[in-house]
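# Fold and geometry: a report
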Amino acid sequence: MSLPALAIDPFDEGFLRDPATHHVALRDAGPVVWLAPIQCYAMARHAEVSAALADHATYCSGRGVGLADFARETPWRPPSLLLETDRPRHDQTRGLMNKVVSLRALQALRPVWSARAHELAERLVARRRFDAVTDLGEAYPMLVFPDTVGVPQEGRECLLRYAAAVFNAFGPRNAIFDEGEAAAADAVGWVANACRRESLAKGSWGTAIHSAAADAGCSEAEAERLVRSLLSAGVDTTVNGIGIMMLAFATFPEQWAKLRAEPKLARRALDESLRWDSTVQTFFRTTTRAVDIAGTTIPEGAKLLLFLAAANRDPRRWDEPDRFDLGRPTSGHVGFGHGIHQCLGQMVARLEAELVLEALIPRVAEIRLTGAPVRRLNNTLHALASLPIEIVPA
Ligand code: QZP
């Protein structure tokens, strides 16, 4: 079997504007392909993507999960102690973070987060027309998450620009990367300061991370970098996760009716939405040894791009993959990744989505698009700038 070489650049504008169309070609070309424009290997089928994510020994994260190989290039920021590390170090930092971002911690937050969702829904429904991205997708996480981490009140808008830069920086140094970095210049300093123990509110997740990190023998700087992980990964992901979920319901009105008839489905809605259109479209691994995939040898030290979003719509794995369907089993979707690095904040994301839906279900009979969704191009995220909707009150 020869390795299919494709002239596709998955970070150019044409691709980023309409990834799903290009995903078909990537999947159909073979289990592993060579992307000439960015000089790296790629996988887009569910079986291979899922297997690569599970095999953290062969496909490592410590050389970065972007296109840049940390063994050859200096990372744009000090590497994450979670995302961009391997065993055994990864398990130590992940273990202490798991104790802070726990089910118990979330149960304690639920009443407050729920009240915030109801207040916001009340206001938006009264307006009838609103932007599901800015007024809801951005507004809700910003109402609950920064307070939970305990960052200073002043300057919180930096979080959105910082996260956009983080996700752009997993791609090649294209115009989107450079623009994101320029736009986030002040945000980098704001975030660094927000992560310091002195800056964080008492009783917050931020101070809990500092304590747990100190107990685990981490330095102050390392503790700050662990807080940074929450600020990097916890904002733009949920912002667009909620935005895309609203797009899913607006596009499939019968699924909104189904949800209203069976509100318990709210807890599964985000997972099906991520399967249908994954917020995190891609990230990379680096091979630690030569590895054989269906007769093709990927050499040691090669960058491999994993198309999570393509895997989540692979017809080899899913029936009618392009349909958003709350009734389908979503287990096995890779929207939160898979294996030892699987999303640390997935329970946070699910809870935010569930509470937003819980607040909308009794108030909203129908969700209608009033204009075309506007994409915000990002090298990693399927991001929306705007999603104008009109609701029919219940
Ligand atoms: C970003 C960090 C989907 C992931 C690439 C999101 C992400 C996770 C962790 C961090 C950043 O630890 O900084």
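Structure first, text after, so check above.
Presented here is a report on the structure given in the accompanying data block. (Residues numbered from 1 in each chain as written. Predicted model: local features only at pLDDT ≥ 70, side-chain atom pairs only at ≥ 80, totals over all residues. Heavy atoms only, no water.)

### Description of the packing of aromatic side chains
Threshold: Each Phe, Tyr or Trp ring (for Trp, its six-membered ring) is paired with any other whose centre lies within 6.5 Å, and the angle between the two planes then decides the class: stacked below 30 degrees, edge-to-face above 60, tilted in between. Think of it this way: any DSSP run of H or I at least four residues long counts as a helix, any run of E at least two long counts as a strand, and we number them from the N terminus. The buried label goes to any residue with under 20% of its type's maximum accessible area, the exposed label to any with over 50%, and the partly exposed label to all in between, with areas taken from a 1.4 Å probe on protein chains only. Two conditions define a charge located above a ring, namely a distance within 6 Å from the ring centre to NZ of Lys or CZ of Arg, and an angle within 35 degrees of the ring normal.
By the definition in use, this model includes 9 aromatic pairs. Where Phe11 meets Phe284, the ring centres are 6.1 Å apart and the plane angle is 15 degrees; that geometry is what we call stacked. A residue pair is termed long-range when its members are at least 10 positions apart, and Phe11 in the loop between β1 (5–6) and α1 (13–17) and Phe284 in strand β6 (residues 282–287) qualify at 273 residues. Under the relative-accessibility criterion, Phe11 is labelled buried at 3%. With a centroid separation of 5.9 Å and 70 degrees between ring planes, the pair formed by Phe167 and Phe170 is classed as edge-to-face. By relative accessible area, Phe170 is classed as buried at 9%. Each member of the aromatic cluster is reached from another via a ring pair, and the members are Phe249, Phe252, Trp256, Trp276 and Phe324. In this structure, Arg275 is placed above the aromatic ring of Trp318, and the distance from its NZ or CZ to the ring centre is 5.5 Å.

### What about the sheet that holds strand β9 (residues 303–307)?
Here is the rule we go by: Strand pairing follows a simple DSSP-based rule, namely that at least 2 bridges must link the two strands. In what follows, a contact means two residues having at least one pair of non-hydrogen atoms within 4.5 Å. Each axis is a line fitted through C-alpha atoms, taken for helices only over the stretch in contact, and angles between the N-to-C directions span 0 to 180 degrees.
One open sheet accounts for 6 strands, arranged β1-β2-β3-β9-β6-β4; its pairing is mixed. Each having just a single partner strand, β1 and β4 (59–60) make up the two edges of the open sheet. Note that β1 and strand β2 (residues 33–35) share 2 bridges and pair parallel. Across the sheet, the residue bridging to Ala5 is Trp34, located in β2. The sheet strands contacting helix α2 (residues 19–29) are β1, β2 and β9, and the helix crosses β2 at an angle near 130 degrees. Helix α3 (residues 46–54) rests against β3 (40–43), β4, β6 and β9 of the sheet, and its axis sits at about 125 degrees to β9.

### Notes on the pairing of strand β13 (residues 388–393)
Across 3 bridges, strand β5 (residues 129–131) lies against β13 in antiparallel orientation. Paired with Asp131 across the two strands is Pro388, which belongs to β13. As judged from the 5 bridges shared by strand β10 (residues 364–369) and β13, these two strands associate in the antiparallel manner. Within β13, the residue paired with Leu369 across the bridge is Ile389.

### Structural notes on the side chain of Thr207
Summarising the element assignment, Thr207 is placed in helix α10 (residues 205–215). When its relative accessible area of 16% is taken as the criterion, Thr207 is described as buried. What Thr207 contacts, discounting residues up to four positions off in sequence, is Arg197, Leu200, Ala201 and Lys202.

### Quick look at the site of the ligand
Test applied: One heavy atom within 4 Å of a molecule or strand makes the whole residue count as near it. What qualifies as a polar contact is a pair of N or O atoms within 3.5 Å, subject to a donor-acceptor requirement within protein and to the restriction that residues adjacent in sequence count only when both atoms come from side chains. We get accessible surface area from the Shrake-Rupley algorithm with a probe of 1.4 Å; when it comes to residues, only the shown protein chains can shield them. Only Asp, Glu, Lys and Arg are considered charged, only Ala, Val, Leu, Ile, Met, Phe, Trp, Tyr, Cys and Pro nonpolar, and every remaining residue, Gly among them, polar.
For the ligand, the full set of nearby residues is Arg77, Ser80, Leu83, Phe167, Phe170, Ser229, Ser232, Ala233, Val280 and Phe283. The contact in question runs from an oxygen atom of the ligand to an N or O atom on the side chain of Arg77, over 2.8 Å. Between the ligand and the protein, one listed contact pairs an oxygen atom with a side-chain N or O atom of Ser80 at 2.6 Å. Taken by itself the ligand offers 360 Å² of open surface, and the protein chains cover 87% of this. Among the residues forming the shell around the ligand, the class breakdown is 6 nonpolar, 3 polar and 1 charged.

### Points about the pairing of β9
Both faces of the sheet carry side chains from a regular strand, because those side chains alternate between them. Counting buried positions along β9 gives 5 out of 5 residues, so the element sits mostly inside the fold. Because side chains alternate across β9, one face comprises the buried residues Lys303, Leu305 and Phe307, and the other comprises Leu304 and Leu306, equally buried. Pairing between β3 and β9: 3 bridges, direction parallel. Within β9, the position partnered with Ala42 by the bridge is Leu305. In this structure, β6 lies alongside β9, joined through 5 bridges in antiparallel fashion. Among the inter-strand pairings, Thr282 is bridged to a residue of β9, identified as Phe307.

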